Amino acid sequence: MPIIKKLNGIKPKFGKNCFIADNAAIIGDIEMGDDCSIWFSAVLRGDVNYIKMGNKVNVQDGVVIHGTYKKAPTNIGNNVSIAHNATVHGCTIKDNVLIGMNAVILDGVVIESNSIIAAGSVVTKGTKVETGSVYAGIPAVKIKNISPELVEGEIKRIADSYMMYASWYKEDI
C-alpha cells in the first residue's frame, strides 16, 4: 500500500484514473489532476508548501518533489514527465515538459512549455527555461531549440507511454 498521509488537516487530492505505486509516499497538501502516475519509491511531500500537478503527469521511480516553507510551492502543468531519481523543489514546470533522469530543479525555477531538461542537469535557483528549448549541464544552460519532432517523439511519446504502463499495473493478478 502506498503511504498517503493527511498532515496538518490537509489530505492529498487525486484526479480520475491515477496510478499510485505500492511504495510511493504522498503526504499533505498535494493536488493532482487526471491520468497521473506516481511510481515506485517516489516521494511527494506537501508538508511545508503545496504541490499542484495538472493532468497526465508521470512521476517516475525515486523522484522527490518538495517545496520551501512559506517561500516556494511546486506547480506542475499538464503532460509532464519527471524521470527516475529527479529532484523537483519549489519550482514551476509548465505544460509538455520532460525532466531527465537525475536532474535537479531548484527553488524559483520556471520551466516554460515544450522544454526538455537533460538527464543529470542542475537547474539553479531562479533560472527561467525558455519555451521550446533544451537545457543541459551543471549549471544547466540552453543548448538548443526543440524541433516539433522532438516534442512529438520524446515529450508526448513518453507521457503517453507512462499512461500505458500505468494501465498494466491496474490489471488484476
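Going by the structure above, here's the rest.
Quick caveat, the model's predicted, so the values are computed rather than measured.

## Considerations on the sheet that holds strand E6 (residues 57–59)
Consideration 1: The sheet built from eight strands is open, its strands ordered E2-E4-E6-E9-E12-E15-E18-E19 with mixed pairing. Lying at the two open borders of the sheet, with one neighbouring strand each, are strand E2 (19–20) and strand E19 (141–145).
Consideration 2: Relative to E19, strand E18 (residues 133–136) runs antiparallel, the two sharing four bridges. Considered in E19, the bridge of Val134 is made with Lys144.

## A look at unusual backbone geometry
Consideration 1: Of the consecutive residues Ile138 and Pro139, the connecting peptide bond is found in the cis state with omega at -5 degrees.
Consideration 2: Position of Pro139 among the secondary structure elements: in the loop between E18 and E19.
Consideration 3: With phi around 50 degrees, Asn8 is a residue other than glycine that occupies positive phi space.
Consideration 4: Mapped onto the elements of the fold, Asn8 is located in the loop between strand E1 (3–5) and E2.
Consideration 5: Judged by relative accessible area, which is 68%, Asn8 ranks as exposed.
Consideration 6: The residue Asn17 is not glycine, and still its phi comes out positive at about 60 degrees.
Consideration 7: The exposure class of Asn17 is partly exposed, given its relative accessible area of 48%.

## Side note on the packing of aromatic side chains
Consideration 1: Counted under the stated rule, the structure contains eight aromatic pairs.
Consideration 2: With a centroid separation of 5.2 Å and 80 degrees between ring planes, the pair formed by Trp39 and Tyr169 is classed as edge-to-face. Remark: Tyr169 occurs in helix H1 (residues 148–169) and Trp39 occurs in the loop between strand E4 (37–38) and strand E5 (43–53); sequence separation between them is 130 residues.
Consideration 3: Residue Tyr169 is classed as partly exposed on the basis of its relative accessible area, which comes to 45%.
Consideration 4: These aromatic residues form a ring-pair network of at least three members: Phe19, Trp39, Phe40, Tyr162, Tyr165, Trp168 and Tyr169.

Reading the values: rules and limits
Residues numbered from 1 in each chain as written. Predicted model: local features only at pLDDT ≥ 70, side-chain atom pairs only at ≥ 80, totals over all residues. Heavy atoms only, no water. Pairing = 2+ DSSP bridges. Helix = DSSP H or I, 4+ residues; strand = E, 2+ residues; numbered from the N terminus. Buried < 20%, exposed > 50% of the residue type's maximum accessible area, 1.4 Å probe, protein only. Phe/Tyr/Trp six-rings, centres within 6.5 Å; stacked < 30°, edge-to-face > 60°.

As far as function goes, none of this settles anything; it's purely spatial.
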